[in-house]
Amino acid sequence: MQFTRRDALIMGLGAAAASVLPIQAFAAASAEEELAQFTGGAAVGEGGLTLTAPEIAENGNTVPISVDAPGAVSIMVIASKNPSPKVATFNFGPMAGSQSASTRIRLAGTQDLVAVAKMSDGSFVQASQAVKVTIGGCGG
Amino acid sequence: MASGVKPRVKVPKTAAAGDVVTIKTLISHKMESGQRKNKDGSPIPRSIINRFTCDFNGENVIDVTLEPSISTNPYFQFEAKVPASGDFTFTWYDDDGEVYKTSKSIAVA
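Presented here is an overview of the structure given in this document. Within every chain, residues take consecutive numbers counted from 1 along the sequence as written. Think of it this way: whatever chain is written first is A, whatever ligand is written first is 1, and the rest follow in order. Under the rules for a predicted model, residues below a pLDDT of 70 receive no local features and side-chain atom pairs below 80 are neither given nor counted, while totals for whole chains, interfaces and linings still include all residues. Hydrogen atoms and water are omitted, and side-chain values are computed over all heavy atoms in the structure.

The next thing to look at is the overall build of chain B. Under the scheme used here, helices are H or I runs from DSSP no shorter than 4 residues and strands are E runs no shorter than 2 residues, and both carry numbers assigned from the N terminus. Per the secondary structure count, chain B includes zero helices and eight strands. Secondary structure elements of chain B occur, N-terminal to C-terminal, as β-β-β-β-β-β-β-β. Split into buried and exposed, the 109 residues of chain B put 42% on the buried side. Lys and Arg are tallied as positive, Asp and Glu as negative. Neither His nor the chain termini are counted. Charged groups are reduced to one reference atom each: NZ for lysine, CZ for arginine, CG for aspartic acid, CD for glutamic acid. If you average the places of the 14 positive and of the 13 negative side-chain charges in chain B, the two averages end up 7 Å apart. Only protein chains enter the accessibility calculation, which uses a 1.4 Å probe; a residue whose area is less than 20% of its type maximum is buried, one above 50% is exposed, and one in between is partly exposed.

If you want it as structure tokens, here you go:
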């Protein structure tokens, strides 16, 4: 069998598509899976949770964020475009002075940061914030 | 990474009974994400701190699960209730099984 130039081009396109698609599909599903695993499939509302992150982060290696959700039991932070979307889970104990915490995280690129809080009554709320990242922070 | 890990914690020395105090913690750790590659292209294995807890007199204040997306030298700031004098215990759990501990006492005036 002889390859014409047209065949070669089509094969090249197919190979490129095949190599890109599964990675994106995997990352997207993974972020949703993490969310579903945390909420147990329960409906997620809005309000009562504050997620603070800079609009523009010059360096994706250290992006300061803070979460605050009065009455929460635990708060999970997800960065959907990171190689592993889960960032951290904060569980508040009986001696917590407030259900808030700050930390510094890595972001691979410009994306929406999502925080989901589990309230003491078992309901879930989420908040999101778009962060522009100038230099990605996950190597590669 | 068992060498050069140094926890640093900032807790007020005194507080009034029932006060809420702000605590800041930092631990030096490179938090290797497992995503980076070295010069010959092979991936550098993941090596992170995967859990951080803070307790006051044996009762839990905060318990954080860390993932590779947490920055180098993990920093946390949070608030704790102080009903009486006592000790804050801070514990970091490394992927390699190492546990780093430090404690700070606070006096209620």
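Having seen it, we continue.
The helix and strand inventory of chain A stands at one helix and nine strands. Its helices and strands taken in sequence order, chain A reads α-β-β-β-β-β-β-β-β-β from the N to the C terminus. For chain A, the proportion of its 140 residues judged to be buried stands at 40%. Considering only contacts in chain A between residues 6 or more positions apart, those separated by 24 or more positions represent 66%. Residue-level accessible areas treat just the shown protein chains as cover; the underlying method is Shrake-Rupley with a 1.4 Å probe. A total of about 7,500 Å² of accessible surface is found on chain A, and carbon and sulfur atoms cover 58% of it. In this analysis, two residues are considered to be in contact whenever any of their non-hydrogen atoms come within 4.5 Å of each other.

The next point concerns the sheet that holds strand S3 (residues 19-27) of chain B. One open sheet accounts for six strands, arranged S2(A)-S4(A)-S7(A)-S6(B)-S3(B)-S1(B); its pairing is antiparallel. Every other strand in the sheet has two partners, leaving strand S2 (50-52) of chain A together with strand S1 (7-10) of chain B as the edge strands with one partner each. Ignoring strand direction, the axes of neighbouring strands in this sheet form an average angle of 15°. The pairing of strand S4 (residues 63-68) of chain A with strand S7 (residues 96-105) of chain A spans six bridges and is classified as antiparallel. Counterpart to aspartate 68 of chain A in the pairing with S7 of chain A is serine 100 of chain A. In this scheme, strands are said to pair when DSSP sees at least two bridges between them. Only the stretch in contact is used when a helix axis is fitted, and all axes are lines through C-alpha atoms; the angle between N-to-C directions ranges over 0 to 180 degrees.

Here we take up the pairing of strand S9 (residues 124-135) of chain A. Residues and elements named next belong to chain A. Pairing geometry for strand S1 (residues 44-46) and S9, over three bridges, is parallel. What sits directly across from glutamate 46, in S9, is glutamine 126. Alignment of strand S3 (residues 56-59) against S9, held across three bridges, turns out to be parallel. Directly across from isoleucine 56, in S9, lies its bridge partner lysine 132. Here strand S8 (residues 111-119) hands over to S9 after four residues, with glycine 122 in that stretch at a positive phi of 90°.

Okay, the nonpolar core next. Residues belong to a common nonpolar core when they are buried Ala, Val, Leu, Ile, Met, Phe, Trp, Tyr or Cys residues joined through side-chain atoms within 4.5 Å. The biggest cluster of nonpolar side chains holds 56 residues, and the ones touching the most others in it are Phe90 and Leu113 of chain A together with Phe52, Ile62, Phe78, Phe88 and Phe90 of chain B. The next biggest cluster of nonpolar side chains, apart from the first, holds seven residues, and it includes Ala31, Phe38, Val114 and Phe124 of chain A.

If you trace the backbone, arginine 106 of chain A turns up in the loop between S7 and S8. Whenever a carboxyl oxygen of Asp or Glu lies within 4 Å of a side-chain nitrogen of Lys or Arg, that contact is scored as a salt bridge. For the buried arginine 106 of chain A, no salt bridge is present, and the opposite-charge side chain at shortest range is glutamate 32 of chain B, 6.6 Å distant. A polar contact is formed between the side chain of arginine 106 of chain A and the backbone oxygen of methionine 31 of chain B, at a distance of 2.8 Å. In protein, a polar contact requires one atom able to donate a hydrogen and another able to accept it; more generally it is a pair of N or O atoms within 3.5 Å, and residues adjacent in sequence count only if both atoms are side-chain atoms.

Note on aromatic contacts: the rings of Phe and Tyr and the six-membered ring of Trp form a pair at centre separations within 6.5 Å, being stacked when their planes are under 30 degrees apart, edge-to-face when over 60 apart, and tilted otherwise. Within the structure shown, the criterion is met by eight aromatic pairs over all chains. Note on phenylalanine 38 of chain A and phenylalanine 124 of chain A: the rings are 5.9 Å apart at their centroids and 70° apart in plane angle, and the pair reads as edge-to-face. Note that phenylalanine 38 of chain A is positioned in helix H1 (residues 5-39) and phenylalanine 124 of chain A in strand S9, a separation of 86 residues in sequence. When sorted by exposure, phenylalanine 38 of chain A lands in the same class as phenylalanine 124 of chain A, which is buried. A centroid spacing of 5.3 Å and a plane angle of 0° characterise the contact between phenylalanine 52 of chain B and phenylalanine 76 of chain B, whose relative ring orientation is stacked. Taken together, the residues span a long stretch of sequence, with phenylalanine 52 of chain B in strand S4 (residues 49-56) and phenylalanine 76 of chain B in strand S6 (residues 75-82) at a distance of 24 residues. Since its relative accessible area comes to 1%, phenylalanine 76 of chain B is described here as buried. Aromatic ring contacts, followed pair by pair, group Phe90 of chain A together with Phe52, Phe56, Phe76, Phe78, Phe88, Phe90 and Trp92 of chain B into a single cluster. We count a charge as sitting over a ring when the NZ of a lysine or the CZ of an arginine lies within 6 Å of the ring centre and within 35 degrees of the ring normal. Stacked on the ring of tyrosine 75 of chain B, the Lys or Arg arginine 104 of chain A has its end atom at 4.3 Å from the ring centre.

Functional significance is not addressed by these values, which are geometric in nature.
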